[in-house]
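Here are the chains, one letter per residue:
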Amino acid sequence: MAALSAAPALAARLSAVRGKTARKSSRDVVRRAIQVDTSADAAQAGSADPLMLRAIRGEDVERPPIWMMRQAGRYMKIYQDLCKKHPTFRERSETVDLAVEISLQPWDAFKPDGVILFSDILTPLSGMNIPFDIVKGTGPIIMNPVRSMEDVKAITPLEPEESMPFVGESLGLLRKAVGNDAAVLGFVGAPFTLASYIVEGGTSSHYKVIKKMAFDEPEIYHALLESITDSVITYVKYQADSGAQVVQIFDSWASEFSPADFDKYCLPYLTRIVREVKQTHPDLPLILYSSGSGGFLERLASTGADVISLDGTVDMADARARLGADQAVQGNMDPVHLFAKKEFIVDKVHDTIKKAGNKKHVMNLGHGVMQGTPEENVATFFQTVRDYRY
């Protein structure tokens, strides 16, 4: 495979996006070995709201919009090269110039219909008085896991303008960079998923500590979840005010609960987020994703989220039958499909789109794109969707 060419001139791009005098954008001067043909969509470019927004609203669209979870990052050689110069995840995600550059790398190569900010669900924790780090090869580490009511009381309300202004600035720059050619996405972690890291102290296999807290010490658990929910609502609104046109809520680990426990320990907080965000931002589309959620679809939809993102545990046709045509859905190809032959990928794309129907569908994977995925196969995935017509 011909690798993507060298990284763009970062300073030139950011200067151009900010509207300052700069030499020609690297997007115009860097030739890439892999690039998606966007000529079929040229007539729509800049003429209307981004395709993703129109599709979510249920408008007649020519094809489904497409983006990928974990779209910006480790499967791209251009990102891997950047990591050699900037080795820590937090530097890359919390430095405006780097976060914007990384977010735009897949935009340059594949022209997705959604450009998601390069960040992490744990990013707001520092602003909540919860010190953490993300260590290569280990993952998230919470310095002082929350285990008592005193620990919960030490958590402070999130003030993103003060503690993480880099997120707002990055989102604003992304809006300027892509215009109406794509929707800019922000994202947040859901209360339970964030709490699982905060209580467990990092990643976990069975979530025994957080679940035991919920079962045996419900006062502490619910106080913690209420506190986190307050900050998540603030963070969603901040992202929207800063430039995000869509926000995805990741409740990655909620399916670790049984359905009845999910109703008690997760669902009220998800519902509250949607309700309170919609009170001030009624037109902001919210996408809700939970890994392993095939048995929870109706519960997820009951939150009022605009889009339910499906993972690979449910067939698209079954999901449509269960949720109804009025519920927008996202997904849901298996990320491993992108390791297969081109013809297989094309067939899977067409099958997924046909099962989803021609309304309220955002094409995506059922999970984040995997490290090692061939970039030419990602290009096939995007190109096949862009060429598709209902």
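Everything numeric in this text was worked out from a predicted model, so none of it was measured.

A.B. asks: Where do I start with the pattern of salt bridges in this structure?
C.D. replies: Close approach of charged atoms allows side chains with opposite charge to pair. Tallied over the entire structure, the rule returns 17 salt bridges. Here Asp 230 makes a salt bridge to Arg 272, at a shortest N to O gap of 2.3 Å. Residue Asp 230 is found in helix H12 (residues 218-242), and its partner Arg 272 is found in helix H14 (residues 267-280); the two are separated by 42 residues along the sequence. What makes Asp 230 partly exposed here is its relative accessible area of 38%. Between Asp 263 and Arg 299 there is a salt bridge whose closest N-O contact spans 2.7 Å. Residue Asp 263 is located in helix H13 (residues 259-265), and its partner Arg 299 is located in helix H15 (residues 297-301); the two are separated by 36 residues in the primary sequence. Looking at Asp 263, the relative accessible area reads 30%, which means it is partly exposed.

A.B. asks: In this structure, what is going on with the packing of helix H17 (residues 342-356) against helix H18 (residues 375-387)? I would like to understand it.
C.D. replies: Remark: H17 packs on H18, axes separated minimally by 10 Å, with the N-to-C direction vectors making an angle of 40°. Relative to H18, the element H17 lies oblique. Of the two elements, H17 crosses H18, and the hand of that crossing is right-handed. Here H17 contributes Lys 342, Ile 345, Val 346, Val 349, His 350 and Ile 353 to the contact with H18, which in turn contributes Asn 377, Thr 380, Phe 381, Thr 384 and Val 385.

A.B. asks: What am I meant to see in the side chain of Ser 293 here?
C.D. replies: Mapping Ser 293 onto the fold places it in the loop between strand S6 (286-289) and H15. Of the polar contacts made by the side chain of Ser 293, one reaches the backbone oxygen of Ser 290; its length is 2.7 Å. Setting aside anything within four residues of it in sequence, one finds Ser 293 in contact with Ser 255, Leu 300, Asp 311 and Thr 313.

A.B. asks: I tried to follow the side chain of Thr 380 on my own but got confused; where do I start?
C.D. replies: Relative to the elements of secondary structure, Thr 380 occurs in helix H18. The buried category is assigned to Thr 380, whose relative accessible area is 12%. Ignoring sequence-local partners within four residues, the contact set of Thr 380 consists of Lys 342, Ile 345 and Val 346.

A.B. asks: Looking at this structure, how should I read the sheet that holds strand S9 (residues 361-362)?
C.D. replies: The strands that make up a sheet are held in pairs by hydrogen bonds between backbone atoms, and each pair lies either parallel or antiparallel. The strand order S1-S4-S5-S6-S7-S8-S9 describes an open sheet built from seven strands, whose pairing is parallel. In this open sheet, the two edge strands, each paired with only one partner strand, are strand S1 (114-116) and S9. The sheet contact formed by strand S5 (residues 246-250) and S6 spans four bridges and is parallel. When the bridges of S6 are listed, Ile 249 appears paired with Leu 288.

Thresholds, definitions, all that
- Starting from 1, residues in each chain are numbered consecutively following that chain's sequence as written.
- For this predicted model, a pLDDT threshold of at least 70 governs which residues receive local features, and a threshold of 80 or more governs which side-chain atom pairs are given and counted, while totals over whole chains, interfaces and linings are taken from all residues.
- Working from all heavy atoms in the structure, the side-chain values ignore hydrogens and water.
- A side-chain nitrogen of Lys or Arg and a carboxyl oxygen of Asp or Glu constitute a salt bridge if their distance falls within 4 Å.
- Secondary structure is summarised from DSSP: a helix means a run of H or I of at least four residues, a strand means a run of E of at least two, and numbering begins at the N terminus for each.
- The buried label applies to any residue whose accessible area, calculated with a 1.4 Å probe on protein chains only, is under 20% of its type's maximum; exposed applies above 50%, and partly exposed to all values in between.
- Note on definitions: angles span 0 to 180 degrees between N-to-C directions of axes, and those axes are lines fitted to C-alpha atoms, for helices only across the stretch in contact.
- Roughly parallel means an angle under 35 degrees; roughly antiparallel means over 145; roughly perpendicular covers 65 to 115; every other angle is labelled oblique.
- Crossings are assigned a handedness: left-handed for a near helix turned anticlockwise from the far helix by less than a right angle, right-handed for a clockwise turn.
- Any two residues having at least one pair of non-hydrogen atoms within 4.5 Å are treated as being in contact.
- Counting of polar contacts relies on pairs of N or O atoms within 3.5 Å, with two restrictions inside protein: one atom must be capable of donating a hydrogen and the other of accepting it, and residues adjacent in sequence are counted only when both atoms are side-chain atoms.
- At least two DSSP bridges between two strands are required for those strands to pair.

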